[in-house]
Amino acid sequence: MPEVYLNGNYLRDTEALVSVFDRGFLFADGVYEVTLVLDGKLVDFAGHMRRLRRSLAQLGMSFASNDDELLGIHRELVRQNDIREGLVYLQVTRGGIGEARLSLPPR
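Predicted model, so just to flag it, every value in this text is computed and none were measured. Numbering of residues begins from 1 in every chain and follows the order in which that chain's sequence is written. Residues qualify for local features only when their pLDDT is at least 70, as the model is predicted, and side-chain atom pairs are given and counted only at 80 or more; totals for whole chains, interfaces and linings, by contrast, use all residues. To get the side-chain values, take all heavy atoms of the structure and skip hydrogens and water.

Asker: What exactly am I supposed to notice about the pattern of salt bridges here?
Answerer: Side chains that differ in sign of charge can pair as their charged atoms come close. Within this document, salt bridges are pairs made up of a side-chain nitrogen of Lys or Arg and a carboxyl oxygen of Asp or Glu, the two lying within 4 Å of each other. Taken as a whole and judged by the stated rule, the model has seven salt bridges. As a salt-bridge pair, R23 and D29 come within 2.8 Å of each other at their nearest N and O atoms. Look at D29 and you get buried, because its relative accessible area is 10%. Residues R84 and D39 are paired through a salt bridge, measuring 3.1 Å at the closest nitrogen-oxygen approach. When a residue's accessible area, from a 1.4 Å probe over protein chains only, is under 20% of the maximum for its type it is buried; when over 50% it is exposed; and in between it is partly exposed.

Put into structure tokens, the structure is as follows:
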């Protein structure tokens, strides 16, 4: 089973859960970046991180992790999943909607 990284934890894919109140899930309010892995190595990681930061800035989204932390996470995912050729998919959302309530107009 694949290992994933979610909110600071490495988990089996079957254990990774995203709240139904996550803005990425509800409103597609997020940014993603996909990094190619060839021969077990990340391809143009720095370029992908520049594009990720630019996209986040354009949407006014903050993101606490720095590029060195993300590189470590990416490398660990490649190692744990024994990826020789494949992709690492990163998605950043604004998280849950908190106390906001969703409602539908009356019928």
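Asker: How should the pairing of strand β2 (residues 9-12) be read in this particular structure?
Answerer: Looking down a regular strand, the side chains alternate between one sheet face and the other. Strands qualify as paired when DSSP identifies two bridges or more between them. Strands here are runs of E lasting at least two residues and helices are runs of H or I lasting at least four, both read from the DSSP assignment and numbered beginning at the N terminus. Pairing analysis gives four bridges linking strand β1 (residues 3-6) to β2, with the strands arranged antiparallel. Along β2, the bridge assignment pairs Y5 with Y10. Taken together, β1 and the strand that follows it, β2, pair antiparallel across an intervening segment of two residues, in which N7 is found at a positive phi of about 50 degrees.

Asker: Explain the side chain of E3 here, please?
Answerer: On the secondary structure map, E3 appears in strand β1. Identification of polar contacts relies on pairs of N or O atoms within 3.5 Å, with a donor-acceptor requirement for protein atoms, meaning one able to donate a hydrogen and the other able to accept it, and with residues adjacent in sequence counted only if both atoms are side-chain atoms. Polar contacts involving the side chain of E3 include one to the side chain of R12, which spans 3.2 Å. Residue contacts are defined here by distance: any two heavy atoms, one from each residue, within 4.5 Å place the two residues in contact. Those residues within four positions of E3 in sequence are excluded, and the remaining contacts are Y10, L11, R12, L77, Q80 and N81.

Asker: For this particular structure, what's the right way to read the sheet that holds strand β4 (residues 41-42)?
Answerer: The antiparallel open sheet is built from three strands, whose spatial order is β4-β3-β5. Looking at strand neighbours, the two that pair on one side only are β4 and β5 (85-93), the edges of this open sheet. Where strand β3 (residues 30-38) lies against β5, nine bridges are found, and the strand directions are antiparallel. Each residue of the ladder has a partner; that of V37, found in β5, is G86. The strands touched by helix α2 (residues 45-58) within the sheet are β3, β4 and β5, with β3 carrying the most contacts at an inclination of about 175 degrees. In this analysis an axis means a line fitted to C-alpha atoms, helices contributing only their contacting stretch, and an angle means the value between N-to-C directions, from 0 to 180 degrees.

Asker: Even after reading the chapter, I still don't get the packing of α2 against helix α3 (residues 67-80), so can you show me in this structure?
Answerer: Each pair of packed helices gets described by two things: the angle between the helix axes and the distance between those axes. Orientation of α2 relative to α3, taken along the N-to-C sense of each, is 125 degrees, at an axis distance of 11 Å. Looking at the two axes, α2 sits oblique to α3. For the element pair α2 and α3, the recorded crossing hand is right-handed. Packed against α2, whose contacting residues are F45, M49, L52 and R53, the element α3 presents D67, L70, L71 and H74 at the interface. In the scheme used here, Gly and all other residues not listed as nonpolar or charged are polar, with Ala, Val, Leu, Ile, Met, Phe, Trp, Tyr, Cys and Pro taken as nonpolar and Asp, Glu, Lys and Arg as charged. Residue classes in the contact of α2 with α3 are distributed as five nonpolar, one polar and two charged. Between 65 and 115 degrees an angle is taken as roughly perpendicular, under 35 as roughly parallel, over 145 as roughly antiparallel, and anywhere else as oblique. Crossings are assigned a handedness: left-handed for a near helix turned anticlockwise from the far helix by less than a right angle, right-handed for a clockwise turn.

Asker: I tried to follow the nonpolar core on my own but got confused; where do I start?
Answerer: Soluble globular proteins: nonpolar side chains tend toward being buried together. Throughout this description, the term nonpolar core refers to a set of buried Ala, Val, Leu, Ile, Met, Phe, Trp, Tyr and Cys residues connected via side-chain atoms within 4.5 Å. With 17 residues, the main nonpolar core has L42 and L52 as its most contacted residues. Where this core is concerned, the elements lending two or more residues are β3, α2, α3 and β5. Examining the composition of this core, we find that five residues originate from one element, α3, more than from any other. The contacts of L52, once residues within four sequence positions are left out, are V31, E33, F63, L70, L90 and V92.

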